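Listed below are the residues making up each chain.
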Amino acid sequence: MKSIPYGRQNITQVDIDAVVATLQADFLTQGPKVKEFEDKFAAYIGSKYAVAVNNATAGLHLAVLTMGLKEGERVITTPITFAASANCVRYAGGEVWFADIDPETYLLSLESTRKLIESKPKGFFKGLIPVDLAGLPLDLEAFKKLADEHGLWIIEDACHAPGAYFTDSKGIKHNCGNGNYAELAIFSFHPVKHIACGEGGMVTTNSEQHYKKLLLLRTHGITKENMLENHGGWFYEMQELGFNYRLTDIQSALGITQLAKNTTGVIQRNSIADTYKKVFKDKIKFQSLPQGSYNAHHLFVIEVEDRKGLYDYLRAHQIFAQIHYIPVHTLPYYREIGYDSATLINAETYYSKCMSLPMYPTLTEKEQNFVIERILEFVSL
Ligand SMILES: Cc1ncc(COP(=O)(O)O)c(C=O)c1O
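Residues numbered from 1 in each chain as written. Predicted model: local features only at pLDDT ≥ 70, side-chain atom pairs only at ≥ 80, totals over all residues. Heavy atoms only, no water.

Novice: In this structure, what is going on with a nonpolar patch on the surface? I would like to understand it.
Specialist: The grouping of Ile11, Ile16 and Val20 at the surface amounts to a nonpolar patch, some 220 Å² of accessible area in total. Relative to the assigned elements, Ile16 resides in helix α1 (residues 13–23). A residue is classified by how much of its surface remains accessible, and Ile16, at 39% relative accessible area, is partly exposed. (Patch = residues over 30% accessible without salt bridge, like charges linked within 9 Å, V, L, I, M, F, W, Y side chains within 5 Å. Areas by Shrake-Rupley, 256 points an atom, 1.4 Å probe, with all protein chains shown as cover. Salt bridge = Lys/Arg side-chain N within 4 Å of Asp/Glu carboxyl O. Helix = DSSP H or I, 4+ residues; strand = E, 2+ residues; numbered from the N terminus. Buried < 20%, exposed > 50% of the residue type's maximum accessible area, 1.4 Å probe, protein only.)

See the structure below:
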């Protein structure tokens, strides 16, 4: 059997045809495919606006700048995430603080976040960056209530969660990134994610003001609107310091065809998750699913005592499981600037046991059975 990764892209002829057609068209970048992708993505998620960017890290950077984060201002995120969720705060000169995770959902704990906020004077923190880890949506209604009590903004890192939703206290379903509870949300189109653009990302929002700021910052801070003077048709102004964080038309064409497959892809991922759950029930702990939530299953995470043993055993059988994540506060960069903390007990316990199993729409039944057999074999050794 060929090797089995933990995640992989699903590229078919429609994707290839779309990219080739764009290569043969007039615009490779700054053309119509970018706006088409943005409009289709916003419609899919249910947000008013979407801004395509060259990767989610750039999207997170633009997001904190859009919220006006300044040097020395403090933001809380989860230690169990990819470093980019925290790094964006550092790019803006801000300080990253970590609250602990919930030991069942592995998401940022509301109670730990509340405790951290309430342990400091009012105004100490500016915002929250919670993460829909593995594709499991956070209860943003509860986080929004907490954020409002303390005057904080929320940037939702929804990189793992296009197509996921949670149900609010009125029974209304909210897609991750729909902008109803968080000011901004960010998605990633790295190939191991649901929608593969090679590299790529999207920022969604319901605020026109945030939307305009994102557009401005994505392209150097250059605009033709509200100019101090105008020398003619060629004229533009650079009104603030922005970046080139644009997604190309080639990548957007791929994003459009990939997006069209996402609903089916998430259903296939959930079917794979159901099989894992059925087999592991009462034997191996896995990420829990709160009532009313739909997990988009970028990942399927289990916990095992001998994690290294299982990891090595699976690799010996050409199964490339992965670990998500090494707690961010333990990474040397964050240790060095003083974020090592012994208080994030759940995150550190989780890290000692967690493992992400193969999870992608084209994983065959035979491959999944092979993975399950090797795991059960190892745990009963
Ligand atoms: C939770 C999370 N946030 C942010 C990112 C950054 O995404 P990108 O690789 O598109 O910059 C990733 C990517 O792995 C991620 O998993």
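Novice: Looking at this model, I keep getting lost on the layout of surface pockets. Mind explaining?
Specialist: Here the idea is plain: a probe the size of a water molecule rolls over the atoms and shows the empty space left. The volume enclosed by the largest pocket comes to roughly 500 Å³. Forming the boundary of the largest pocket are 19 residues, of which Lys212, Leu215, Leu216, Arg218 and Ile222 lie nearest the centre. Counting only elements with at least two residues in the lining of the largest pocket, the list comes to α2 (32–45), α7 (208–218) and β11 (222–223). If you tally residues by element for the lining of the largest pocket, the top one is α7, at five residues. (1 Å grid on protein atoms, 1.4 Å probe; cavity = no way out; pocket = protein on both sides within 12 Å on 5 of 7 lines; lining within 4 Å. Points joined across faces, edges and corners; volume = space filled by probe spheres on them.)

Novice: How should I be thinking about the sheet that holds strand β14 (residues 300–303) in this particular structure?
Specialist: Read from one edge to the other, the open sheet built from three strands follows the order β13-β14-β16, with strand pairing classed as antiparallel. Taken across any chain shown, the strands that pair with only one partner, and hence form the sheet edges, are β13 (285–286) and β16 (354–357). Inspection of the sheet shows β13 paired to β14 by two bridges, in the antiparallel sense. Within the sheet, the bridge partner assigned to Lys285 lies in β14 and is Glu303. Packed onto the sheet, helix α9 (residues 262–280) meets β13, β14 and β16 and runs at close to 20 degrees relative to β14. Of the strands in this sheet, β14 and β16 touch helix α10 (residues 307–316), which is tilted by about 25 degrees from β16. (Pairing = 2+ DSSP bridges. Contact = heavy atoms within 4.5 Å. Axes fitted to C-alpha atoms, helices over the stretch in contact; angles between N-to-C directions.)

Novice: Where do I start with the pairing of strand β9 (residues 184–188) in this structure?
Specialist: When a strand is regular, its side chains alternate between the sheet's two faces. Judged by how many residues are buried, β9 sits mostly within the fold: five of five residues are covered. Of the two faces of β9, the one holding Leu184, Ile186 and Ser188 and the one holding Ala185 and Phe187 are both buried throughout. Summarising the sheet, strand β6 (residues 153–157) and β9 pair through three bridges and their orientation is parallel. Within β9, the residue paired with Asp157 across the bridge is Ile186. Both β9 and strand β10 (residues 201–205) contribute to a ladder of four bridges, which runs antiparallel. Residue pairing for β10: Ile186 is matched across the bridge by Val203.

Novice: Please clarify how the sheet that holds strand β5 (residues 125–129) should be interpreted in this entry.
Specialist: Within a sheet, neighbouring strands are paired by backbone hydrogen bonds and run either parallel or antiparallel to one another. Pairing is mixed in the open sheet, where seven strands are placed in the order β2-β10-β9-β6-β5-β3-β4. The open sheet has two edge strands with one neighbour each: β2 (49–53) and β4 (95–98). Neighbour-to-neighbour, the strand axes of this sheet turn through a mean angle of 25 degrees, independent of strand direction. Here β2 pairs with β10 via five bridges, running antiparallel. Its bridge partner lying in β10, Ala52 is registered against Met202. Across the sheet, helix α6 (residues 140–149) touches β5 and β6, and the angle it forms with β6 is around 150 degrees. Relative to β2, α7 is tilted by about 15 degrees, and along the sheet it contacts β2, β9 and β10.

Novice: For this particular structure, what's the right way to read helix α12 (residues 345–353)?
Specialist: Side chains that are three or four residues apart share a direction in an α-helix, a result of its 3.6 residues per turn. All of the buried residues along α12 are Ala347, Tyr350 and Lys353. All buried residues of α12 fall inside an arc of 135 degrees around its axis, so they share one side. Where α12 is buried, its residues contact β14, α10 and β16. (Arc of directions from axis to C-beta.)

Novice: Teacher, can you tell me more about the side chain of Asn295 here?
Specialist: Residue placement: Asn295 occurs in the loop between β13 and β14. Reaching out from Asn295, the side chain makes a polar contact with the backbone nitrogen of His297 at a distance of 2.7 Å. Beyond its immediate chain neighbours, meaning those up to four positions away, Asn295 contacts Ala134, Gly135, Leu136, Pro137, Ala164, Val266, Asn270, Gln287 and Leu289. (Polar contact = N/O pair within 3.5 Å; in protein donor to acceptor, adjacent residues only side chain to side chain.)

Novice: Hey, could you run me through empty space enclosed by the protein in this one?
Specialist: The final tally for this structure, using the stated rule, is one cavity of 30 Å³ or more. Quantified by volume, the largest cavity comes out at close to 50 Å³. Around the largest cavity, the lining residues are Leu138, Leu140, Glu156, Phe166, His174, Asn175, Cys176, Gly177, Asn178 and Tyr181.

Novice: Please explain the packing of aromatic side chains as it appears in this structure.
Specialist: Here a ring pair, both rings aromatic, is described through the centre-centre distance and the interplanar angle of the planes. Counting across every chain of the model gives 19 aromatic pairs. When the ring of Phe166 is compared with that of Tyr181, the centres are 5.9 Å apart and the planes differ by 45 degrees; the resulting orientation is tilted. Here Phe166 is found in strand β7 (residues 165–167), whereas its partner Tyr181 is found in the loop between β8 (173–175) and β9, with 15 residues between them in sequence. With respect to burial, Phe166 and Tyr181 carry one shared label: buried. Ring-pair connections join several aromatic residues into one group, and the members of that group are Phe37, Phe41, Phe187 and Phe189. The side chain of Arg74 reaches across the aromatic face of Phe124, ending 3.7 Å from its centre. (Phe/Tyr/Trp six-rings, centres within 6.5 Å; stacked < 30°, edge-to-face > 60°. Lys NZ or Arg CZ within 6 Å of the ring centre and 35° of its normal.)

Novice: Honestly, the pattern of salt bridges in this entry has me stumped. Any pointers?
Specialist: Opposite charge on two side chains makes pairing possible when the charged atoms of those side chains draw close. Taken as a whole and assessed by the stated rule, the structure comprises 21 salt bridges. A salt bridge links Glu36 to Lys40, with the nearest nitrogen and oxygen atoms 2.8 Å apart. Of the two residues, Glu36 and Lys40 are both situated in helix α2; the distance of four residues between them amounts to about one turn of the helix. According to the relative accessible area criterion, Glu36 is partly exposed, its value standing at 26%. Note on Lys40: relative accessible area 41%, which makes it partly exposed. As a salt-bridge pair, Glu149 and Arg114 come within 3.4 Å of each other at their nearest N and O atoms.

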